[in-house]
Amino acid sequence: MSLFSAQADHPLRYELLGRLRVTRGGVDLTPDAPKLTKLLTLLLVRAGEAVPGEKLVAELWEQGPPRCAFASLRVYVSQLRKILCGPRGTSPIVTTSSGYILDLSEAMTDFQEFEELYTRGRERYSAADFRPAGELLRRALSLWRGPVLEGVPSSLAIESFRAVQEEKRLNCTELAVDAALAVGRHHEVIEELKGLLVQHPLREPFYRQLMAALYRAGRQGDALGVYHHARRVLREELGVEPGPPLRLALEAILRADPSRLEATGVIPAAR
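To start, this report covers the structure provided alongside it. (Residues numbered from 1 in each chain as written. Predicted model: local features only at pLDDT ≥ 70, side-chain atom pairs only at ≥ 80, totals over all residues. Heavy atoms only, no water.)

### Side note on the overall build of the protein chain
Here's step 1: Scanning the protein chain from terminus to terminus reveals 12 helices and 6 strands.
Here's step 2: Based on the C-alpha atoms only, the size of the protein chain along its principal axes is roughly 70 × 45 × 25 Å.
Here's step 3: Per-residue burial over the protein chain gives 45% buried out of 271 residues.
Here's step 4: A separation threshold of at least 6 residues defines the contact pool for the protein chain, and within that pool the share at least 24 residues apart is 61%. (Helix = DSSP H or I, 4+ residues; strand = E, 2+ residues; numbered from the N terminus. Buried < 20%, exposed > 50% of the residue type's maximum accessible area, 1.4 Å probe, protein only. Contact = heavy atoms within 4.5 Å.)

### So, the packing of aromatic side chains
Here's step 1: Tallying each qualifying case throughout the model produces 5 aromatic pairs.
Here's step 2: With centroids separated by 6.2 Å and ring planes inclined at 25°, the aromatic side chains of Trp 61 and Tyr 76 adopt a geometry described as stacked. A residue pair is termed long-range when its members are at least 10 positions apart, and Trp 61 in the loop between helix H3 (53–60) and helix H4 (69–84) and Tyr 76 in helix H4 qualify at 15 residues. The exposure classification of Trp 61 matches that of Tyr 76, with both residues buried. (Phe/Tyr/Trp six-rings, centres within 6.5 Å; stacked < 30°, edge-to-face > 60°.)

### Structural notes on the packing of helix H10 (residues 220–238) against helix H11 (residues 244–254)
Here's step 1: Two elements in contact, H10 and H11, have axes separated by 10 Å at closest approach and are oriented at 155°. With respect to H11, the element H10 is oriented roughly antiparallel. Remark: the crossing between H10 and H11 carries left-handed chirality. Note on element contacts: H11 touches H10 through Leu 246, Arg 247, Leu 250, Ile 253 and Leu 254, opposite Gln 220, Ala 223, Leu 224, Tyr 227 and Ala 230. (Axes fitted to C-alpha atoms, helices over the stretch in contact; angles between N-to-C directions. Parallel < 35°, antiparallel > 145°, perpendicular 65-115°, else oblique. Left-handed = near helix turned anticlockwise from the far one by under 90°.)

### So, a nonpolar patch on the surface
Here's step 1: Taken together, the side chains of Leu 202, Leu 238 and Val 240 present a nonpolar region at the surface, about 240 Å² in accessible area.
Here's step 2: Structurally, Leu 238 can be placed in helix H10. (Patch = residues over 30% accessible without salt bridge, like charges linked within 9 Å, V, L, I, M, F, W, Y side chains within 5 Å. Areas by Shrake-Rupley, 256 points an atom, 1.4 Å probe, with all protein chains shown as cover. Salt bridge = Lys/Arg side-chain N within 4 Å of Asp/Glu carboxyl O.)

### Examining the environment of Arg 19
Here's step 1: For Arg 19, the position within the fold is in the loop between strand S1 (12–15) and strand S2 (21–24).
Here's step 2: Separated by 73 residues in the primary sequence, Arg 19 and Pro 92 have C-alpha atoms spaced 21 Å apart.

### Looking at the pairing of S1
Along any regular strand, the residues point their side chains to alternate faces of the sheet.
Here's step 1: Burial along S1 is two-sided: Leu 12 and Tyr 14 facing one way and Arg 13 and Glu 15 facing the other are all buried.
Here's step 2: One ladder, built from 4 bridges, connects S1 with S2; its direction is antiparallel. Considered in S2, the bridge of Leu 12 is made with Arg 24.
Here's step 3: Counted along the chain from S1 to the antiparallel partner S2, the turn is 5 residues long, and its residue Gly 18 has a positive phi close to 145°. (Pairing = 2+ DSSP bridges.)

Treat this as a map of the structure, not an account of what it does.
See below:
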């Protein structure tokens with residue numbers, strides 16, 4: 001069997017949770033040309049739906065398309081088809097009267113794998129099965145290699161995809177930390193939460209979780225310091241006071257009352 005045949009027997013794998021990467025059987029097929037990279041990205045973020053040529057032209061040439069834009073688009077699509085060509089010369093890019101469709105039914109993607117693990121982790125968490133929930137959520141987060149589609153020029157569709165995936169990542173992270181707190185791993189998440197707050201200083205749930213972790217680690221003063229830092233940041237940046245969960249966490253720590261801390265959403269640590 002030739003090397004090409006061996007590669008063709010493997011499904012395409014698209015990775016978007018970081019720099020765009022396309023592989024088949026371990027062989028890197030990621031296009032180098034910027035226009036090809038952006039075209040593939042535009043089809044990926046709308047995978048399964050017909051994207052009109054006019055929309056692709058507008059997003060590929062944001063500063064104004066040249067006269068030959070549609071002819072160039074057809075050339076780019078043809079080049080992408082050759083790159084992604086599978087067994088028996090089949091291509092995942094389908095041309096219809098409504099536009100171009102990228103078919104992912106025979107492919108694998110990291111963002112779909114993330115979604116599956118994240119969903120299973122949420123289900124285990126809802127069932128109070130915290131250790132398996134944490135493992136699933138951490139596996140989901142391990143698929144991220146950096147910012148979504150890092151280095152790909154922006155467009156409305158790409159920015160929308162980035163925003164949705166990044167919000168899912170943050171929600172998954174919050175749930176993974178809550179699962180860790182629920183099984184008594186408060187010491188392990190303190191450094192992680194400090195790093196997260198440097199990146200996301202307005203994300204109140206991370207402050208609440210850090211306060212809980214420090215309090216459970218016997219660092220009541222540091223936990224109170226986190227609240228006052230959060231209050232200062234929120235007032236300076238947004239002109240608002242901390243929300244009810246943070247205020248309840250402050251009250252719980254001042255009173256040394258774990259039951260009040262649990263009322264903020266922190267699961268009681270397993271003994």
